[in-house]
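Here is how the chains run, residue by residue.
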Amino acid sequence: MRRTSASLVAGTLVAALAWASSPSSPAIALEPSVGVADLTQDINQILSDSRLTIARAGVVVKSAATGEELYATDAGKLLTPASNTKLFTSAAAAETLGLDYRFPTTVLSSGRKAGSVLAGDLVLRGTGDPTMLAEDYDALAAKVAAAGVRVVTGKLVTDDTWFDSQRLGNDWSWDDETAYYAAPISALTASPDRDYDAGSVIVSVAAEGDQVKVSTTPETGYLKIVNKATVGSETDVLIERQHNSRTVVITGTVKDPYQEWVAVDDPTAYVASLFRTSLTKHGVKVLGSTVTAPAPAEAKELARHESMTLGELLVPFLKLSNNIHAEILTKAMGRKVANQGTWSAGLKVSTDFAKANGVQVINMRDGSGLSRRDGFSPGSIVQLLTAVRSKPWFKTWYESLPIAGNAERFVGGTLRSRMRNTPAAGNVHAKTGSLTGVTSLSGYVTSAEGEPLIFSIMLNQYLSGSPKDIEDKIAIRLAQFTRATATADATQLRATEQGESGDLECSWLKPVQC
């Protein structure tokens, strides 16, 4: 673990104390103070950036202590939120499923066991656990062997019926099909590592002598690798799965090791291959073929694995802005509330939760924000962020948001390289959002006087040059806000170096591990 500076710790403590306070009071009508007028002037100046001349910008700032709206522009306009959508999905999941919710994955037998022979089928049933690793399926196989089963006369049945069979979102771009951040959604899935990018495999290349060697994490024969890459003077390589297939084609040149996260075509079939391989490894032979079907009602449990709790899952989900977690939780909510593991049922749960908490402008098409038809207003986001402060799960949820300027990957998350060495570092807890031409930042910040503030910044339809630094400038200005006096040198804080912000979230640029 890296050491954290004393100033950062102090700032974090001040913020934590501010947000541990009681829910905000009803809005109080106050005369604009010198500080509020100065804040308005400065935010207006920040938003006058030429990159926003033809773009759309919506910004709302509210005091969580008084309920007063300190700043607003286009507060009610419907804008594309990108991953700010995850604020709604995660909050609805915490409310609906509960922080103690776990995803069970079980192995069942549908026949009679005589000695070491199971006369019947072996069933692997999932409920959407995005944290299942190859080693977890291997542990389940070991439990089957430990139960004394050596031969299964029937089939290996994969039961993924906890969710429906729709794998991809209605509005997702066809050219995202093979990307790990748009992987197919299934009740049986697997992740390659502890970032838990379910439904994907890491494909790695390295130069060995005059050949390019290819490996996968986890090791699997599920993918068909076509290696056309050559050793060269630089690494300029493309690793891409062909659409609607298991074939991964590798082209270009390789000098230094490189890896790419690749979505599989069918998570259920991929998991079946992992599990069957593990069964063989542990001395369990399944004589029949692999099929996908519901588990028989009379099937008996042989082995079980349970995921981490939802409270724990919120960290990789929100810190790294994991799209697949959002979609799995959406279907899990639909299954719990309406007994339908579908997008439509789950999105209704999220929408109903938002409306019950005062949200006015909302159009949810998926749980992650990958759809460009998702729409919220900055005012609605601030309303949600205000309402959830009274929830018993708020503290856990709040700490799961990315924290500005904290270099620890599972603390700072997608804000780890932003707003470093500013009053916002260790202070701002907020959700980022990125699509081409879209960026958003919404969350919480504590002012220089210790006043808790809630904000939403949504920037749409800019053409070039990422305006994430505009979000940062506003957040920093909020961290310096005082009511009584104008900020001494707003120009200097706006000029503070922010570090790399880029045009996409860290989670979209997996190989660089930002």
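Look up: the structure comes first, before these words.
Bear in mind the structure is a predicted one, so any value in this text is a computation, not a measurement. (Residues numbered from 1 in each chain as written. Predicted model: local features only at pLDDT ≥ 70, side-chain atom pairs only at ≥ 80, totals over all residues. Heavy atoms only, no water.)

Participant: I would appreciate a short explanation of the overall build of the chain in the present structure.
Facilitator: Secondary structure assignment for the chain yields 13 helices and 23 strands. Looking at the chain residue by residue over its 514 residues, the buried ones come to 57%. Contacts in the chain between residues far apart in sequence, at least 24 positions, make up 71% of those at least 6 positions apart. Total accessible area on the chain is roughly 20300 Å²; 50% of this is exposed by carbon and sulfur atoms. (Helix = DSSP H or I, 4+ residues; strand = E, 2+ residues; numbered from the N terminus. Buried < 20%, exposed > 50% of the residue type's maximum accessible area, 1.4 Å probe, protein only. Contact = heavy atoms within 4.5 Å. Areas by Shrake-Rupley, 256 points an atom, 1.4 Å probe, with all protein chains shown as cover.)

Participant: Help me out: how do you make sense of the sheet that holds strand 9 (residues 200–208) in this one?
Facilitator: As a general point, the strands of a sheet are linked pairwise by backbone hydrogen bonds and lie either parallel or antiparallel. Across the sheet, which stays open at both edges, the 3 strands sit in the order 10-9-15 with antiparallel pairing between neighbours. Single-partner strands in this sheet number two, and they are strand 10 (211–217) and strand 15 (258–263). Each strand of the sheet is rotated relative to its neighbour by a mean of 25°, with strand direction disregarded. As paired elements, strand 9 and strand 10 share 7 bridges and run antiparallel to each other. What sits directly across from Ala207, in strand 10, is Val212. (Pairing = 2+ DSSP bridges. Axes fitted to C-alpha atoms, helices over the stretch in contact; angles between N-to-C directions.)

Participant: What's the story with the pairing of strand 6 (residues 122–125) in this structure? I'm lost.
Facilitator: Consecutive side chains of a regular strand alternate in pointing toward one face of the sheet and then the other. Inspection of the sheet shows strand 3 (residues 104–109) paired to strand 6 by 4 bridges, in the antiparallel sense. Counted as the bridge partner of Ser109 is Leu122 from strand 6. Across 4 bridges, the pairing between strand 6 and strand 8 (residues 156–159) is parallel. Bridged to Arg125 within strand 8 is Asp159.

Participant: Honestly, the packing of aromatic side chains in this entry has me stumped. Any pointers?
Facilitator: The geometry of two aromatic rings is summed up by the distance between their centres and the angle between their planes. Evaluation of the coordinates by the stated rule reveals 10 aromatic pairs. For the pair Trp393 and Trp397, a centre-to-centre distance of 6.1 Å together with 75° between the ring planes defines the contact as edge-to-face. Take Trp393 and Trp397: they sit in the same class, and that class is buried. On the numbers, 6.2 Å between centres and 40° between planes, the contact of Phe394 with Trp397 is tilted. In this pair, Phe394 and Trp397 are both assigned in helix 10 (residues 394–400), 3 residues apart and thus about one turn of the helix distant. Each member of the pair, Phe394 together with Trp397, is buried. Three or more aromatic residues joined by ring pairs make a cluster, and in this case those are Trp393, Phe394, Trp397, Tyr398 and Tyr444. A cation over a ring is seen here: Lys331 above Trp343, with NZ or CZ 4.1 Å from the ring centre. Above the ring of Trp162, the side-chain terminus of Arg335 is found at 4.0 Å from the ring centroid. (Phe/Tyr/Trp six-rings, centres within 6.5 Å; stacked < 30°, edge-to-face > 60°. Lys NZ or Arg CZ within 6 Å of the ring centre and 35° of its normal.)

Participant: Please clarify how the pattern of salt bridges should be interpreted in this entry.
Facilitator: For side chains of opposite charge, pairing can occur when their charged atoms come near one another. Within this structure, the stated rule accounts for 23 salt bridges. One salt bridge in this structure joins Glu95 and Lys391, with 3.8 Å as the shortest N-O distance. You can see Glu95 sitting in helix 3 (residues 85–96) and its partner Lys391 sitting in the loop between helix 9 (378–387) and helix 10, a full 296 residues away along the chain. We classify Glu95 as partly exposed; its relative accessible area is 37%. Lys348 serves as the salt-bridge partner of Asp352, at 2.7 Å between the closest nitrogen and oxygen. One end of the pair, Asp352, and the other, Lys348, are both in helix 8 (residues 343–356), 4 residues apart, so they sit about a helical turn from each other. Each of the salt bridges in this network shares a partner with another, and the network as a whole consists of Asp49, Arg51, Asp469 and Lys473. (Salt bridge = Lys/Arg side-chain N within 4 Å of Asp/Glu carboxyl O.)

Participant: I tried to follow the environment of Ala332 on my own but got confused; where do I start?
Facilitator: Inspection of the secondary structure assignment puts Ala332 in helix 7 (residues 323–338). Once the C-alpha coordinates of Ala332 and Phe163 are considered, the two residues, 169 residues apart in sequence, prove to be 7.7 Å apart.

Participant: Looking at this structure, I do not really get the pairing of strand 2 (residues 69–73). What am I missing?
Facilitator: Sheet topology places strand 1 (residues 56–63) next to strand 2; 4 bridges connect them, and they run antiparallel. Bridge pairing in strand 2 links Lys62 to Glu69. Between strand 1 and strand 2, which follow one another and run antiparallel, lie 5 residues, and Gly67 among them has a positive phi close to 80°.

Participant: Would you mind showing me how to read helix 3 here?
Facilitator: Since the α-helix packs 3.6 residues into each turn, any two residues three or four apart lie on the same face. Helix length check: helix 3, at 12 residues, gives a terminal C-alpha distance of 17 Å against a target of 16 Å (1.5 Å per residue), a fit within 8%. Within helix 3, 11 of the 12 residues are buried, which leaves the element mostly enclosed by the surrounding structure. Taken residue by residue, helix 3 has Thr85, Lys86, Leu87, Phe88, Thr89, Ser90, Ala91, Ala92, Ala93, Ala94 and Thr96 as its buried positions. A positive backbone phi angle near 90° is found at Gly98, which sits one or two residues after helix 3. (Expected span 1.5 Å × (residues − 1).)

Participant: Please explain the side chain of Lys331 as it appears in this structure.
Facilitator: You can see Lys331 is positioned in helix 7. Lys331 gets classed as buried once you look at its relative accessible area, which sits at 0%. There is a polar contact of 2.7 Å between the side chain of Lys331 and the backbone oxygen of Gln166. Each residue touching Lys331, except ones within four places of it in the same chain, is listed here: Phe163, Asp164, Gln166, Ile185, Gln340, Gly341, Thr342 and Trp343. (Polar contact = N/O pair within 3.5 Å; in protein donor to acceptor, adjacent residues only side chain to side chain.)

Purely geometric numbers; function is a separate question.
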